[in-house]
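Structural overview for review
These are the residues of each chain, in order.
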Amino acid sequence: MSKFSFKINKRLVKILAFGMVVLMLGSVLAGCAGCNGCAPSGPDPDTTTGKPGGVVFDPSQGDKPQDPEATGAPGVAIPGWATLTIPPNQKTVNCGFENPIANQGNYHLSFELRLIDPSKPNGYEVLFTSGLVEAGKGIYEMTMTRGLEAGTYPAMVFVQPYYTDMTPTANNAQTAIQLIVK
């Protein structure tokens, strides 16, 4: 019977552990990108154009004020929000869902306002879904599926980037916000 002896290299162990964590995170992200729960909701595919999801430009999009400091950059520029304040019991409300000018010529964005609701099958209720918004434009008024009572609600804004050929990217963004109704 032979005995094996080896010396544990602490640095090698740390590198291997880090590599395994990176692989696990990559697997989780790849799995999420392919799941139906992350896919944007919307109309069925348009049989006349063959474009996936029948996605069209949102007719209510307006021009965004130009930022002279904005420059094109690789990747998708995604705006962020901490809160959204709306009046109580109104379906049509003001908002500010903008596609940064940095996405010009590369990406359109669609926006979905989701009210966190653990009792729902997906864990949320969709209050608003936009069509595509071109870079440098935004949605400044939305009509939600229903008005809300006064209060503060946990919510999220789901952002799906689309290439200029109208196909969705594999990645998307979900930003947690507080929906303040007062």
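What comes next concerns the included structure.

Conventions and cut-offs
Residues numbered from 1 in each chain as written. Predicted model: local features only at pLDDT ≥ 70, side-chain atom pairs only at ≥ 80, totals over all residues. Heavy atoms only, no water. Pairing = 2+ DSSP bridges. Helix = DSSP H or I, 4+ residues; strand = E, 2+ residues; numbered from the N terminus. Axes fitted to C-alpha atoms, helices over the stretch in contact; angles between N-to-C directions. Phe/Tyr/Trp six-rings, centres within 6.5 Å; stacked < 30°, edge-to-face > 60°. Buried < 20%, exposed > 50% of the residue type's maximum accessible area, 1.4 Å probe, protein only. Core = buried A, V, L, I, M, F, W, Y, C linked by side-chain atoms within 4.5 Å. Contact = heavy atoms within 4.5 Å. Salt bridge = Lys/Arg side-chain N within 4 Å of Asp/Glu carboxyl O.

1. As for the sheet that holds strand β4 (residues 107-116)
Sheet strands associate in pairs through backbone hydrogen bonding, adopting either a parallel or an antiparallel arrangement. Taking strand neighbours across the sheet as the criterion, the five strands line up as β2-β8-β7-β4-β5 in an open arrangement whose pairing is mixed. The two strands at the open ends of the sheet, each matched to only one other strand, are β2 (83-86) and β5 (124-129). When strand polarity is set aside, the average angle formed by the axes of neighbouring strands in this sheet is 35°. Strand direction decides the pairing type here: β2 and strand β8 (residues 173-181), joined by four bridges, are parallel. Across the sheet, Thr-83 pairs through a bridge with Gln-178, a residue of β8.

2. So, the packing of aromatic side chains
All told, the structure shown has five aromatic pairs when counted by the stated rule. Ring centres of Trp-81 and Phe-97 lie 5.5 Å apart, and the angle between their planes is 90°; on these two criteria the pair is classed as edge-to-face. Taken together, the residues span a long stretch of sequence, with Trp-81 in the loop between β1 (62-63) and β2 and Phe-97 in strand β3 (residues 92-98) at a distance of 16 residues. Each member of the pair, Trp-81 together with Phe-97, is buried. Taking the centre distance of 6.0 Å and the plane angle of 85° together, the rings of Trp-81 and Phe-111 count as edge-to-face. With Trp-81 in the loop between β1 and β2 and Phe-111 in strand β4, this residue pair connects regions lying 30 residues apart in the sequence. Comparing Trp-81 with Phe-111 shows no difference in burial state: the two are buried.

3. Some words on the nonpolar core
Ranked by size, the top nonpolar core spans 24 residues in total, and within it Leu-84, Phe-97, Leu-113, Met-142 and Leu-179 carry the most contacts. Within the residue set of this core, elements represented by two or more residues are β2, β3, β4, β5, β6 (137-143), β7 (151-163) and β8. Those residues in contact with Leu-113, other than ones at most four positions away along the chain, are Leu-84, Glu-125, Val-126, Leu-127, Phe-128, Met-142, Met-144, Ala-155, Met-156, Val-157 and Ile-177.

4. Considerations on the pattern of salt bridges
Taken as a whole and assessed by the stated rule, the structure comprises three salt bridges. Of the charged contacts, one joins Glu-125 and Arg-146 as a salt bridge, the two residues approaching to 2.8 Å between their closest N and O atoms. Residue Glu-125 is located in strand β5, and its partner Arg-146 is located in the loop between β6 and β7; the two are separated by 21 residues in the primary sequence. Accessibility expressed as a relative area gives 15% for Glu-125, which makes it buried. Here Glu-134 ties to Lys-137 by a salt bridge, and the two come within 4.0 Å at their closest N and O atoms. On the accessibility criterion, Glu-134 (28% relative accessible area) is partly exposed.

5. Things to note about the side chain of Ser-130
Within the fold, Ser-130 resides in the loop between β5 and β6. Residues contacting Ser-130, with those up to four places away along its chain left out, are Asp-58, Ser-110, Phe-111 and Ile-139.

6. Regarding the sheet that holds β3
The strand order across the open sheet built from three strands is β1-β6-β3, with neighbouring strands paired in antiparallel fashion. Looking along the sheet, the strands with just one partner apiece sit at the ends: β1 and β3. Bridging between β1 and β6 involves two bridges; their strand directions are antiparallel. Paired with Gly-62 across the two strands is Gly-138, which belongs to β6.

7. Digging into unusual backbone geometry
Even without being a glycine, Asn-89 presents a positive backbone phi close to 55°. Residue placement: Asn-89 occurs in the loop between β2 and β3. The class for Asn-89 is exposed, based on a relative accessible area of 52%. Residue Met-166 is not a glycine yet carries a positive backbone phi of 75°. By the secondary structure assignment, Met-166 is in the loop between β7 and β8. Given a relative accessible area of 17%, Met-166 falls into the buried group.

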